Amino acid sequence: MKKSIWVSLMLIVIASLALSGCGGSGSDNAGGASGTAGSAAPEGTASKPVTIGFFAPQGKAPLEDNDYTKYVEQKFNVSIKWDLAPTDALVDRRQLLLASGDYPEVFLEGKFTNADLLTYGKQGVLIPLNGLIDKYAPNLKAMMDKKPYLKEAMTAPDGNIYGIPRFNECYHCTFSQKFWINKEWLDKLGLSVPTTTDELYAVLKAFKTKDPNGNGKADEIPLTGAPNKYVWNGNIDAYLMNAFIYNDNDKYLTVADGKVDFAPNKPQWKEGLAYMHKLYGEGLIDKASFTQNDQAVGQLGNREGDEVVGSITTALLSYLVNTYDDAITRHKHWVIVPPLKGPEGVRLAGMSQGFGEFAMAITNKASEAQQIAAIRIADYAFSEEGALLSEYGVKEGIGWKKAEADEKNIDGKPAKYSFSNLQPVDPNVVRNDSWTLLGPKDLSKDFRDLFATAQDPLTSAGYEKRLADATKTYAPYAPKAFYPSSTFIRPEDTDTMAQLSTSIKDYVQSNMAQFIIGDKSLDKDWDAYVKGFDGLNLAQYVQIYQSALEKK
């Protein structure tokens, strides 16, 4: 019973980490925030109140009564009229509004894809924001200058910006295709953390044959994992393939000198599969790695008695072992393994950028005054004060506070803000003082670095630092170029790409499992596998992504 409770708690915390990108405490609204209230209205704010309609998801507390809503209404002399929809029906409700022509001035949270922005931008439903940003959004403009990839990701092929994103650089997300290993077992066997594929093979072989848990039983599982849909980057190839050829674990694309290519039909991919087949064939990879879910992984890692797992592929160690209860110490002897060097010298880390979804778009229903008010509200959340108040609440001491002199940030430098020793709140009362994860805002690493965190990475409070420290070990192995996650697919290619992407990914993943397990032979079946991509229109798949990269 205790084990089940801890597993459930662990999964809940993991989900909240993944959702918030390592944010601090916030309100339970569809958005939530924190901050330092009290600055004057921006120059040029309308002398008469501007009423403006915002579309957003319905949270647990009314947005019209939200403290941050009231704060921005007063600050920018506006009155927000909310059009709210249940989160699980948000896109359907948005589409109904757009189809009817009776849509609001602003979609604060419309879940627009790049293709949506292009489609409605070309129709004139969503207005270009370039001029408004230049004139009324100095904070966002500065961020775009500081982070060129942000500006690139926001700009459609026609040169226009139709949406403003939530810019999210979580500490452990940039390099999330990680590998963790049981150092207690390494130490017992006199082994070092592996640095090459050959060394990893030797370590896993020792884990299997030399009884590192000391119970006299052959019950050790050298390496386990899980499908990515259950455990974030839990599929074993997410980490291992990058010692042979770059694997983004998503589109399976590579980029060199601006040329887009596909990895899973290359000889290097075959070599990676051969290596994993060798591991599997010798019983070094858990057979359940291709089917088990997150609960099974947690039960395996947190089982009572002798520890049985030696290593795991995953972004978060907490999928496997409890890292949230300081009375449970098993997690302390687990360490991160940097990218491995393969037989041809390849040593890469899977990488992603901190570009969130497009949160805000302004429609052609907005008057000039409404446009200016909306862009200023968005821009305010890209200032330090605005991001603080928007994400963590307008009341100091409730969702955030000024850091003490001895509090340090994730890098061990003096912190500016803190989440420690906050005023107690009634757990039965839903907080309604911020727009946590609602609307565009700055959640960049620079902003996150303002906050204090526990300095001992092996404590529950220091888990985020542990993840950040692990991520740093991967940064030197970033690929020279990789396919950005936020390119604009042409609207006319959207349906085609949806079909191509599904069929190609399914083909890659199903064949990968068969080659690793041995249901298919790399010697006999590889050529047929490669030929099979022709029938899946791989050339068109690559060309669509090439055109998107070139913004054609």
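Residues numbered from 1 in each chain as written. Predicted model: local features only at pLDDT ≥ 70, side-chain atom pairs only at ≥ 80, totals over all residues. Heavy atoms only, no water.

Enquirer: Quick one: what's the story with the sheet that holds strand β8 (residues 311-313), residue by residue and with numbers?
Expert: Strand order in the open sheet made by the 3 strands is β8-β5-β9, with antiparallel pairing throughout. Each edge of the open sheet carries a strand with a single partner, namely β8 and β9 (334-336). Within this sheet the neighbouring strands show an average axis-to-axis angle of 20 degrees, counted without direction. Sheet analysis places strand β5 (residues 179-182) next to β9, joined by 3 bridges and oriented antiparallel. Each residue of the ladder has a partner; that of Asn182, found in β9, is Trp334. (Pairing = 2+ DSSP bridges. Helix = DSSP H or I, 4+ residues; strand = E, 2+ residues; numbered from the N terminus. Axes fitted to C-alpha atoms, helices over the stretch in contact; angles between N-to-C directions.)

Enquirer: How would you explain the packing of aromatic side chains if you had to name every residue and give the values?
Expert: Scanning the entire structure with this criterion turns up 34 aromatic pairs. An aromatic cluster is defined as three or more aromatic residues linked by ring pairs; in this entry it consists of Phe262, Tyr483, Tyr507, Phe515, Trp526, Tyr529, Phe533, Tyr541 and Tyr545. Lys75 extends its terminal NZ or CZ atom over the ring of Phe76, reaching a point 5.8 Å from the ring centre. Of note, Lys365 hangs over the ring of Tyr103, and the distance from its end group to the ring centre comes to 4.1 Å. (Phe/Tyr/Trp six-rings, centres within 6.5 Å; stacked < 30°, edge-to-face > 60°. Lys NZ or Arg CZ within 6 Å of the ring centre and 35° of its normal.)

Enquirer: Lay out the nonpolar core in plain terms, naming residues and giving numbers.
Expert: Judged by nonpolar contacts, the single largest core of 76 residues is most densely connected at Leu240, Phe262, Trp269, Leu273, Val508 and Tyr541. No other element matches helix α17 (residues 494-517), which puts 8 residues into this core. The residues contacting Leu273, other than those within four sequence positions of it, are Met241, Met512, Phe515, Ile516, Leu522 and Trp526. In terms of nonpolar packing, the next biggest core, distinct from the first, is built from 73 residues, Ile80, Tyr103, Ile372 and Leu389 among them. (Core = buried A, V, L, I, M, F, W, Y, C linked by side-chain atoms within 4.5 Å. Buried < 20%, exposed > 50% of the residue type's maximum accessible area, 1.4 Å probe, protein only. Contact = heavy atoms within 4.5 Å.)

Enquirer: Run through the packing of α17 against helix α19 (residues 538-549), naming residues and quoting values.
Expert: Axis separation between α17 and α19 bottoms out at 10 Å; the angle between their running directions is 125 degrees. With respect to α19, the axis of α17 lies oblique. For the crossing formed where α17 meets α19, the hand is left-handed. For the pair α17 and α19, the contacting residues are Thr496, Met497, Leu500, Ser501 and Ile504 in the first and Leu538, Gln540, Tyr541, Ile544 and Tyr545 in the second. (Parallel < 35°, antiparallel > 145°, perpendicular 65-115°, else oblique. Left-handed = near helix turned anticlockwise from the far one by under 90°.)

Enquirer: Break down the layout of surface pockets for me, citing the residues and quoting the values.
Expert: Taken as a whole, the second largest pocket holds about 440 Å³ of empty space. Considering the residues around the second largest pocket, the lining is formed by 19 residues, among which Asn114, Lys251, Ser485, Thr487 and Ile489 are closest to the centre. Counting only elements with at least two residues in the lining of the second largest pocket, the list comes to α4 (114-122), β10 (355-362) and α17. Tallied by class, residues from the lining of the second largest pocket come to 8 nonpolar, 8 polar and 3 charged. (1 Å grid on protein atoms, 1.4 Å probe; cavity = no way out; pocket = protein on both sides within 12 Å on 5 of 7 lines; lining within 4 Å. Points joined across faces, edges and corners; volume = space filled by probe spheres on them. Nonpolar A, V, L, I, M, F, W, Y, C, P; charged D, E, K, R; others polar.)

Enquirer: Can you explain the state of the cysteines? Please cite residues and give values.
Expert: A full pass over the atoms with the stated rule returns 1 disulfide. With its sulfur 1.6 Å from that of its partner, Cys170 forms a disulfide with Cys173. Linking Cys170 and Cys173, the disulfide has an S-S dihedral of approximately 100 degrees and is accordingly described as right-handed. (Disulfide = S-S within 2.5 Å.)

Enquirer: So what's going on with unusual backbone geometry? Residues and values would help.
Expert: Not every positive phi belongs to a glycine, and Asn233 is a case in point at roughly 55 degrees. Tracing the sequence through the fold places Asn233 in the loop between α9 (197-209) and α10 (237-240). Even without a glycine there, the phi angle at Asp257 is positive, about 55 degrees. Structurally, Asp257 can be placed in the loop between β6 (253-256) and β7 (259-262). Classification of Asp257 as exposed rests on a relative accessible area of 86%.

Enquirer: Describe the side chain of Ser176, with residues and values.
Expert: Relative to the helices and strands, Ser176 resides in the loop between β4 (164-168) and β5. Look at Ser176 and you get buried, because its relative accessible area is 7%. Here the side chain of Ser176 touches Asn233 through a polar contact of 2.8 Å, side chain to side chain. Other than its neighbours up to four places away in sequence, Ser176 contacts Trp232, Asn233, Thr314, Ala315 and Gly350. (Polar contact = N/O pair within 3.5 Å; in protein donor to acceptor, adjacent residues only side chain to side chain.)

Enquirer: Any details on the packing of α17 against helix α18 (residues 522-535)? Residues and values, ideally.
Expert: Here α17 crosses α18 at 180 degrees, and the two axes come no closer than 12 Å. It follows that α17 is roughly antiparallel to α18 by the angle criterion. Along the contact surface, α17 presents Ile504, Tyr507, Val508, Asn511 and Phe515, while α18 presents Leu522, Asp525, Trp526, Ala528, Tyr529, Gly532 and Phe533. Grouping the amino acids of the contact of α17 with α18 by side-chain chemistry returns 9 nonpolar, 2 polar and 1 charged.

Enquirer: Describe helix α2 (residues 67-76), and please don't skip the residues or the numbers.
Expert: Among the 10 residues of α2, 8 are classified as buried, and the element is accordingly described as predominantly covered. Among the residues of α2, those classed as buried are Asp67, Tyr68, Thr69, Tyr71, Val72, Glu73, Lys75 and Phe76. Packed against the buried residues of α2 are β2 (78-85), α13 (368-380) and α14 (384-392). Just downstream of α2 lies Asn77, where phi reads positive at about 55 degrees.

Enquirer: Go over the pattern of salt bridges with me, naming the residues and quoting the values.
Expert: In total, this model carries 25 salt bridges according to the counting rule given. The partner of Asp187 in a salt bridge is Lys183, and the shortest N-O contact between them spans 2.9 Å. Here the residue Asp187 and the residue Lys183 both occupy positions in helix α8 (residues 183-189), the gap between them amounting to 4 residues, near one helical turn. For Asp187, a relative accessible area of 48% translates into the label partly exposed. If you follow the salt bridges from partner to partner, you end up with Asp411, Lys445, Asp449 and Lys472 in one network. (Salt bridge = Lys/Arg side-chain N within 4 Å of Asp/Glu carboxyl O.)

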